[in-house]
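Spelled out, the chains give:
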Amino acid sequence: MLTLREAQDIFIDAMPSMEIEHVHCTMATDAEPTYVECWQCAEPDMVAHWYDGPGYPVMVEIESLTGTLQRDIIDPEDIELVVAWLNQN
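First, a word on scope: everything that follows refers to the structure included in this document.

Rules used in this analysis
Residues numbered from 1 in each chain as written. Predicted model: local features only at pLDDT ≥ 70, side-chain atom pairs only at ≥ 80, totals over all residues. Heavy atoms only, no water. Helix = DSSP H or I, 4+ residues; strand = E, 2+ residues; numbered from the N terminus. Contact = heavy atoms within 4.5 Å. Buried < 20%, exposed > 50% of the residue type's maximum accessible area, 1.4 Å probe, protein only. Phe/Tyr/Trp six-rings, centres within 6.5 Å; stacked < 30°, edge-to-face > 60°.

**Focus: the environment of Cys38**
On the secondary structure map, Cys38 appears in strand E2 (residues 35-43). Filtering out sequence-adjacent residues up to four positions away, Cys38 remains in contact with His22, Val23, His24, Val47, Ala48 and His49.

As structure tokens, then:
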């Protein structure tokens, strides 16, 4: 299972033209143990929400002009599927 940083690095490598304009993080706490990182991107026009919680795989939710995709990220092939979806939309 990939860590959040590994998943994000693979995603960035797979999307070399991506322009991240803003990053917002919500840190995990005892009351809410899920770490959330939100990327607002100009190219492609999308928002990516990354979720990382104890005992769960990393999950990414992509919101683009053409729809929303939510996917658990277990291995690099999951990132490839997300990138393919983005390139089709």
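**Considerations on the environment of Ile62**
Position of Ile62 relative to the elements: it lies in strand E4 (residues 58-64). Ile62 sits in the buried class, given a relative accessible area of 0%. Measuring from C-alpha to C-alpha, the distance between Ile62 and Cys41 comes to 11 Å, with 21 residues separating the pair along the chain. If sequence neighbours within four positions are ignored, Ile62 has contacts with Phe11, Met46, Val47, Ala48, Gly67, Thr68, Leu69, Val82, Trp85 and Leu86.

**Some points on the packing of aromatic side chains**
Working definition: an aromatic ring pair is given by the centre-to-centre distance plus the angle between the planes. Taken as a whole, this structure holds three aromatic pairs when the rule is applied. With a centroid separation of 6.1 Å and an interplanar angle of 50 degrees, the aromatic rings of Phe11 and Trp39 are classed as tilted. Of this pair, Phe11 sits in helix H1 (residues 4-14) while Trp39 sits in strand E2, placing them 28 residues apart in sequence. Note on Phe11: relative accessible area 1%, which makes it buried. Under the relative-accessibility criterion, Trp39 is labelled buried at 3%. Between Trp39 and Trp50, the aromatic rings sit 5.3 Å apart at their centres with planes inclined by 50 degrees, giving tilted as the arrangement. Here Trp39 is found in strand E2, whereas its partner Trp50 is found in strand E3 (residues 46-52), with eleven residues between them in sequence. Within the aromatic cluster, the residues linked to one another by ring pairs are Phe11, Trp39 and Trp50.

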